[in-house]
Amino acid sequence: MSAYGRDPWGGPLEINVDSATDDDRSRNLQDFDRAALSRQLDETQQSWLLGPGEQKKKKYVDLGCIVCSRTVFKWIVISILVSGFIAGLVTLIVKTVPRHHHSPPPPDNYTQALRKALMFFNAQRSGRIPKHNNVSWRGKSCLRDGQSTDSGVNKINLVGGFYDAGDAIKFNFPGAFAMTMLSWSVIEYGAKYESSGELTHVKEIIKWGTDYLLKTFNSSSDDINVIYSQVGLGDTSKGPSNPNDHYCWMRPEDIDYPRPVSSCSSCSDLSAEMAAALAAASIVFKDNKLYSQKLVKGAKTLFKFSRFQRGRYSAGGSDAAMFYNSSGYYDEFVWGGAWLYYATGNSSYLQLATTPGIAKRAGAFRGGQDYGVLSWDNKLAGSQVLLSRLRLFLSPGYPYEEILKSYHNQTNIVMCSFLPFFRSFNRTRGGLIQLNHGRPQPLQYVVNAAFLASVYADYLKAADIPGWNCGPNFFTTEVLRNFARTQLNYILGKNPMKMSYIVGYGKHYPKHAHHRGASIPKNKIKYSCKGGWKWRDSPRPNPNVLVGAMVAGPDKFDRFRDVRTNYNYTEPTLAGNAGLVAALVSISGGDGLGIDKNTMFSAVPPMFPTPPPPPAPWKP
């Protein structure tokens, strides 16, 4: 429909009411002169003026839930791509470039010597040696031990164990003591062994020894009447008519002569020492429940045998008496009783170890020139330190307090005797304490004393006790540690000879250790009993390095003769090296890691009865 009106300028005015749409009107705007617009147009109006062909590009991007500027969106995408590229490049570099780890601090001298000292036990293994033994010149040997009937004993499997020294004899008495000392050191210083990477190694050594000890008696029985105490002979008085482990100079792998087995049916010292070894090892292997229980059962059987079949194992002119003669067995009663108490918690063993009559017969209050000297023969000093531990940490009180206090006082006296302020023992000019009063082979006694001093100092520290009294004089625990360090430093090379007495440690050490396996080359030639004498008497160094072996040591004038035939200077022993290992681990690593207070008491019940529960609340 159209409407007509008069144009005020003289022309008609047509108004299209229905036919013109909003879009048509908006497009007609382009007929106006844009310059005639007097105000700024907004974006919508500009789009009207530009029309479809000239419309500007949108500056925003609709992402659905977010609307953002196209420029911002572009830079976001570019940033993500660049960041991804950089991250991938960094990852590639990290994966391909070698990493530089911060290496741990180098081990101290004591830790280095400890690692070597443990290697000696690998060289002493008898039987079928495991592949990881790491002594290239050793192999399987003496696989028929126990099969000889020359001694009149029944055939038994006695393969395994350790050779005692430079020979091929297996002596149970010093061998068991060596295992006891190693176990004691692991119980106290397991963390130090672990930090040095030697915990698994030392436990393998102990198990090799205890596995063999379990073979030497009926370990499945509660009652026994015999122990096989020794394999091999050392008496050379019969000459070539009786070739044996001392007369012949042969590699253990080549032995072809008979190896008789010695037994005993009245041997309290030997059986109590073996009981101590198995009991101590049962604490070491407490995480292996079945094996630990087996060791405890064997220890109980042996100790029972020692109490009911009284006697010295080396009595009657036995072969053992020539080399490891026992002076008595009451010290082993205290020693074995203490270890069995710690292994079982059975107070009957503690009652025996603290019986005043047994302590007196063991020499606990007698004194003498050898008082306080721990060795394979006399365990009294070790027993007193071990039982002082009980008083310091658990304080059991009545009825044990009086005798434990006496043991503790005697321990303090022994520690005083180690100090240079007193004259109990002389010292060489180089500073080595003469615990055996100038007799040969001094080092085995020195290392045991160093261990006792060090572990007792750690006991005092753990109990928050700063020191102890020697008469009116007070000494701090550091004095004991200094004693242990100075003695070990002497052995490691700080001595007038300027040499280490541990084979393979340092630049200057004994090259002619009195040892059959080390002195004969592994060259596929089997040397006869006397044929090997040329290697025994040779002035040349051993072709095989007996790493970690502590030799017998210098004389009382600090002199040492590196001669293979003189065993008083150059022969190492199993018991001596066990004391060395214990002393080294106790001093190694500084004072940061002390003793383990609790493992020793893992089987010990509470000292006092559990108090009754409180009464129920009163109800009216």
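Use the structure listed above.
My aim in this report is to walk through the structure given alongside it, one point at a time. Residue positions are counted from 1 within each chain, in the order its sequence is given. Note on the predicted model: pLDDT of at least 70 is required for a residue's local features to be given, and 80 or more for side-chain atom pairs to be given and counted; whole-chain, interface and lining totals, by contrast, use all residues. Hydrogens are left out, water is left out, and the side-chain values use all remaining heavy atoms of the structure.

1. Re unusual backbone geometry
For the record, the criterion: For the purposes of this entry, the term helix denotes a DSSP run of H or I that reaches at least four residues, the term strand denotes a run of E that reaches at least two, and both are numbered from the N terminus. Relative accessibility under 20% of the residue-type maximum defines a buried residue, over 50% an exposed one, and the middle range a partly exposed one, all with a 1.4 Å probe and only protein chains included.
The step from Y398 to P399 runs through a cis peptide bond, and the omega angle for that step is 0°. Relative to the helices and strands, P399 is located in the loop between α12 (380-393) and α13 (401-417). A positive phi angle, close to 50°, is found at C142, a residue other than glycine. Given the relative accessible area of 12%, C142 is considered buried. Even without a glycine there, the phi angle at Q441 is positive, about 60°.

2. What about the pairing of strand β6 (residues 227-231)?
Quick reminder of the rule: We treat two strands as partners when DSSP finds at least two bridges between them.
Among the 5 residues of β6, 5 are classified as buried, and the element is accordingly described as predominantly covered. As defined by bridge partners, strand β5 (residues 170-171) adjoins β6 across 2 bridges and the pair is classed as antiparallel. By the bridge assignment for β6, F171 is matched with Q230. Across 4 bridges, β6 lies against strand β7 (residues 261-264) in antiparallel orientation. For I227, the partnering residue across the bridge sits in β7 and is C264.

3. Quick word on the packing of helix α7 (residues 268-284) against helix α9 (residues 330-344)
As a reminder, the rule being used: To obtain an axis, a line is fitted to C-alpha atoms, over the contacting stretch when the element is a helix, and the angle between two such axes runs from 0 to 180 degrees between their N-to-C directions. Roughly parallel means an angle under 35 degrees; roughly antiparallel, over 145; roughly perpendicular, 65 to 115; everything else is oblique. Crossings are assigned a handedness: left-handed for a near helix turned anticlockwise from the far helix by less than a right angle, right-handed for a clockwise turn. The contact criterion used is simple: two residues touch if any of their non-hydrogen atoms lie within 4.5 Å. Nonpolar residues are Ala, Val, Leu, Ile, Met, Phe, Trp, Tyr, Cys and Pro. Charged residues are Asp, Glu, Lys and Arg, and all others, Gly as well, are polar.
With their axes 8 Å apart at the nearest point, α7 and α9 run at an angle of 25° to one another. With respect to α9, the axis of α7 lies roughly parallel. You can see that α7 and α9 cross each other, and the crossing is left-handed. Taking contact as the criterion, the partners of S268, D269, A272, E273, A275, A276, A279, A280, S282 and I283 in α7 are, on α9, E332, F333, W335, G336, W339, L340, Y342 and A343. Partitioning the contact of α7 with α9 into residue classes produces 12 nonpolar, 3 polar and 3 charged.

4. Let's talk about the packing of helix α6 (residues 199-215) against helix α8 (residues 289-308)
What describes two packed helices is the angle between their axes and the distance between those same axes. Interaxial distance between α6 and α8 falls to 11 Å at its minimum, and their mutual angle equals 50°. Taken as axis vectors, α6 and α8 run oblique relative to one another. Helix-helix and strand crossings are classified by hand; for α6 and α8 the assignment is left-handed. Taking contact as the criterion, the partners of K207, T210, D211 and L214 in α6 are, on α8, Y291, K294 and L295. When the residues that make up the contact of α6 with α8 are grouped by side-chain class, the tally is 3 nonpolar, 1 polar and 3 charged.

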